[in-house]
Amino acid sequence: MKKTAQFLKPLTVIILTIICLLPLNACAAASKTANSDTIYQQRTVHNPDGIGKFYMGREIAQVMGYQGAGWLERPSRGMEEKSARLVNNLDLKPSDIVADIGAGTGYISFRIAPLVPQGKVLAVDLQPEMINFLELNKQEKNIANVEPVLGKIDNPNLPENSVDLVVMVDAYHEFAYPREMMQGIVKALKPGGRAVSIEYRGENPLIPIKGLHKMTQKQVKKEMAAVGLVWKDTKDMLPQQHLMVFEKQSQI
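All figures in this text were calculated on a predicted structure; none of them were measured in a lab. (Residues numbered from 1 in each chain as written. Predicted model: local features only at pLDDT ≥ 70, side-chain atom pairs only at ≥ 80, totals over all residues. Heavy atoms only, no water.)

A.B. asks: Explain the pairing of strand β4 (residues 97–101) to me, using residue names and the numbers behind them.
C.D. replies: Burial analysis of β4 places 5 of its 5 residues in the buried class, the great majority of the element. By the alternation rule, side chains of β4 split into Ile 97, Ala 99 and Ile 101 and Val 98 and Asp 100, which are all buried. Note that β4 and strand β5 (residues 120–125) share 5 bridges and pair parallel. Bridge pairing links Ala 99 to Leu 122 in β5. The sheet contact formed by β4 and strand β7 (residues 163–169) spans 3 bridges and is parallel. Directly across from Ala 99, in β7, lies its bridge partner Val 166. (Buried < 20%, exposed > 50% of the residue type's maximum accessible area, 1.4 Å probe, protein only. Helix = DSSP H or I, 4+ residues; strand = E, 2+ residues; numbered from the N terminus. Pairing = 2+ DSSP bridges.)

The structure is reproduced here in structure tokens:
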């Protein structure tokens, strides 16, 4: 036993020395992997509508691909979701810079744009095909203050302290890296800026949406609090969705 201990001690020193000699980016990558392992859990047995990846007790839903663009633009959507009511309850100022995360075809972005004539809407999506749809819709509608932004799976690609309001309409539950994406969103928000989460109500089993594509208020609050956002209000004026308002704390 004593001989084993004597052998292990120099071996440990050698291992630690090798680790310290690793390139910094390799160490950072290893650290990020370790952090992801503690934040997320992967399960082989899971809901077929999910990706098998769990965050704070919730399975992340599969992403609706660009093939579903027609559903986003369906003629009945405005009546079903009361989209005009949603936009009118965002408490927008004419000069606001708004980021629509998971913008898709820009259905919500182009409805927000007229309400911020001195500002603009940053329409963020991860899929290049959706960015193409956004560009086409921008030209067709002749709306200049919508700016398509190609985001990353773990980063919205927005400048720090640049956005007054972030809107996530039925998108957050599909984020593959919700912690990292929200950290990027919080950085992009100005001090006192707001993040609005619109999700189908998970508390109501009668809402005809797949379970993983709905969220409860309790779960949304828990996940937003994990990145430092403070809940301010929930508006239940939509037929099937919560409109939840969170705020980034002002710097002291």
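On we go from here.
A.B. asks: Mind laying out the layout of surface pockets, listing which residues take part and the relevant values?
C.D. replies: The volume enclosed by the largest pocket comes to roughly 700 Å³. For the largest pocket, the lining is made up of 33 residues, of which Met 64, Val 169, Asp 170, Ala 171 and Glu 174 are closest to its centre. Going through the elements one at a time, α3 (69–72), α4 (77–81), β4 and β5 are the ones with two or more residues in the lining of the largest pocket. In terms of residue class, the lining of the largest pocket is built from 20 nonpolar, 6 polar and 7 charged. As a volume, the second largest pocket reaches approximately 160 Å³. Surrounding the second largest pocket, Asp 154, Asn 155, Leu 158, Pro 159, Glu 160, Glu 180, Gln 183, Gly 184, Lys 187 and Ala 188 form its lining. Of the residues contributing to the lining of the second largest pocket, the split by class is 3 nonpolar, 3 polar and 4 charged. (1 Å grid on protein atoms, 1.4 Å probe; cavity = no way out; pocket = protein on both sides within 12 Å on 5 of 7 lines; lining within 4 Å. Points joined across faces, edges and corners; volume = space filled by probe spheres on them. Nonpolar A, V, L, I, M, F, W, Y, C, P; charged D, E, K, R; others polar.)

A.B. asks: Quick rundown of the pattern of salt bridges? Include the residues and the values.
C.D. replies: All chains considered together, the criterion is met by 8 salt bridges. For Asp 49, the salt bridge goes to Lys 210, with nearest N and O atoms at 3.4 Å. In this pair, Asp 49 is assigned in the loop between β1 (40–42) and β2 (50–55) and Lys 210 in the loop between β8 (189–201) and β9 (214–215), connecting sequence segments 161 residues apart. Because the salt bridges share partners, they merge into one network encompassing Arg 74, Arg 77, Glu 80 and Glu 81. (Salt bridge = Lys/Arg side-chain N within 4 Å of Asp/Glu carboxyl O.)

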